[in-house]
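# Descriptive structure summary
Residue-level listing of the chains:
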Amino acid sequence: MLSACQRFIFEEQDICGVVVDMQPAVASVLQCHHYPDPVGRSLADCLIASVLVASRMKDRGDLTLQLNGGGSIRLLVAKCDATLNVRGVAQYDLAVEREILSADFAAGNLVITYQSAVQTESRQSIVNLQGGTVAESLEHYFLQSEQIPTMLTIDHTSSMGLMLQRMPGEKTVDNVAWNKLRDSVASFPQLRASCSVEEALQVAFPHELIRLFPAEPVSFACPCSKDSMRNALRSLPDGELADIFSEQDSIGMECEYCLEKYTFSAADLDSSD
C-alpha cells in the first residue's frame, strides 16, 4: 500500500475532511534512525499531522512542525512540502528514561511555520501541547486561533490520520450534529484497517452524503544534494576551510534527515560541477 492523502466533503453539511494513510512514508523516515519508542511515536504523530494540516491549505506550500521546549528532546522537526513529500528528524538525550522523553515532549510547544508558494513571508503559530496529544492540541489551536471547529484522530501504530473541519462561513450551525461525530472520528483508524477509505467513511458516517476526491501520493523525500552541501561548506570562512584541509584531505558531511553521506576535497569546493 502506498502512502496517500484523500480529501472529502459532506455534501449536505458545511464540513470538509482529509484522510491520510502514511505507513510506508513514516516507516521510511523512522528507519533512517533508531529512535526510542516515545521519540519515534512523537515524530510519527507530527509527520501525520503535518500532512493533515498542509493538505488543507488553499495555497500549497511548505509546512514545518517543530518542537520547542521539549527538555530532553532537543530537536524534533516534521516537514511537509507542497507536493506532500515529508521528512523529519529528532535529537534527544540518550541518557534519560523513556518516560521522561514522553513527558518532555508533552510539556513543550509545537511551532507551526507555513511558507506559501505565492507569498514571500512565512506565517508562524505556536501550539501548546498542554500535556495532551498532538491531535488534541491542534484541535484547540484551530478553534481558538482560527475559529474553525476541528476534530482529529492520529494513530501512530497504523500511521493513519483523519481530520474534520467545519467550513469557514458555514450557513447553518448544528452543534449537536457536529459533536455526535466525535466517536466516529475516533473509531475511523480501526475501520480503515479492514476496508478502503470510501468504505470506512461510509461506515463511520452512515448518514452523510460524502464526495471523495482523488487520492494524492505522500512520500518520504529529502531535498539534500551534493550541491547544497557544497554551498554550505563554501559559506564557511576561507581560513576555517584552509585549517581543515591542512589536517585532512577531505571533509565529510551527512544529511541529518536521510543520513546520506557526502565527501569533498579542496578541489571539489573549487569546482562548479
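What counts and how
Residues numbered from 1 in each chain as written. Predicted model: local features only at pLDDT ≥ 70, side-chain atom pairs only at ≥ 80, totals over all residues. Heavy atoms only, no water. Helix = DSSP H or I, 4+ residues; strand = E, 2+ residues; numbered from the N terminus. Buried < 20%, exposed > 50% of the residue type's maximum accessible area, 1.4 Å probe, protein only. Contact = heavy atoms within 4.5 Å. Areas by Shrake-Rupley, 256 points an atom, 1.4 Å probe, with all protein chains shown as cover. Lys, Arg positive; Asp, Glu negative; His and termini not counted. Charge placed at Lys NZ, Arg CZ, Asp CG, Glu CD. Pairing = 2+ DSSP bridges. Axes fitted to C-alpha atoms, helices over the stretch in contact; angles between N-to-C directions. Polar contact = N/O pair within 3.5 Å; in protein donor to acceptor, adjacent residues only side chain to side chain. Phe/Tyr/Trp six-rings, centres within 6.5 Å; stacked < 30°, edge-to-face > 60°. Salt bridge = Lys/Arg side-chain N within 4 Å of Asp/Glu carboxyl O. Arc of directions from axis to C-beta.

### Re the overall build of the protein chain
When you go through the protein chain residue by residue, the secondary structure sums to 10 helices and 14 strands. Along the longest, intermediate and shortest principal axes, the C-alpha atoms of the protein chain span 70 × 40 × 35 Å. The buried share among the 273 residues of the protein chain stands at 44%. Within the protein chain, contacts between residues at least 6 apart in sequence are counted, and of these 61% link residues at least 24 apart. In the structure as shown, the protein chain presents an accessible area of about 14100 Å², 48% of it carried by carbon and sulfur atoms. Charged side chains in the protein chain number 20 positive and 37 negative. The centres of these two groups are separated by 6 Å.

### Topic: the sheet that holds strand 6 (residues 109–116)
Strand order in the open sheet made by the 6 strands is 7-6-3-4-5-12, with mixed pairing throughout. With partners counted over all chains shown, the strands left at the sheet margins are strand 7 (123–128) and strand 12 (219–220), one partner each. Where strand 3 (residues 61–68) meets strand 4 (residues 73–80), 4 bridges bridge the pair, whose relative direction is antiparallel. Considered in strand 4, the bridge of Thr64 is made with Lys79. Across the sheet, helix 4 (residues 134–146) is in contact with strand 6 and strand 7; its angle to strand 7 comes to roughly 120 degrees.

### A closer look at the environment of Asp268
By the element assignment, Asp268 lies in helix 10 (residues 266–270). Put simply, Asp268 and Ser250 are 18 residues apart on the chain and 9.3 Å apart in space, counted from C-alpha to C-alpha. Residues in contact with Asp268, not counting those within four places in the same chain, are Arg230, Arg234 and Thr263. At 2.8 Å, the side chain of Asp268 and the backbone nitrogen of Ser265 are in polar contact.

### Comments concerning helix 3 (residues 98–106)
Residues of helix 3 that are buried: Leu101, Asp104, Phe105 and Ala106. Contact partners of the buried residues in helix 3: helix 2 (37–54), strand 3, strand 4, strand 5 (85–92) and helix 4.

### Here we look at the packing of aromatic side chains
How two aromatic rings sit relative to each other is set out by the distance from centre to centre and by the angle between their planes. Under the counting rule described, the total for this entry stands at 4 aromatic pairs. Residues Tyr35 and Tyr92 carry aromatic rings whose centres are separated by 6.3 Å and whose planes lie at 65 degrees to one another, so their mutual orientation is edge-to-face. In this pair, Tyr35 sits in the loop between helix 1 (23–30) and helix 2 while Tyr92 sits in strand 5, placing the two residues 57 residues apart along the sequence. Judged on exposure class, the residue Tyr35 and its partner Tyr92 are both buried.

### A look at the pattern of salt bridges
Under the criterion given, the structure shown has 7 salt bridges. For the salt bridge of Arg230 with Asp227, the shortest nitrogen-to-oxygen distance reads 2.7 Å. Highlighted residues: Arg230 and Asp227, both in helix 8 (residues 226–234), separated by 3 residues, approximately one helical turn. Among the residues examined, Asp227 registers a relative accessible area of 44% and is labelled partly exposed. Note that Lys261 and Glu254 form a salt bridge whose closest N and O atoms lie 2.9 Å from each other. Taking relative accessible area as the criterion, Glu254 reaches 44% and is therefore assigned partly exposed.

### Digging into helix 8
Within the span of helix 8, buried status applies to Met229, Arg230 and Leu233. All buried residues of helix 8 project into a common sector of 100 degrees when viewed along the axis, lining one side. Here the buried face of helix 8 lies against helix 9 (238–247), strand 13 (250–254), strand 14 (261–265) and helix 10.

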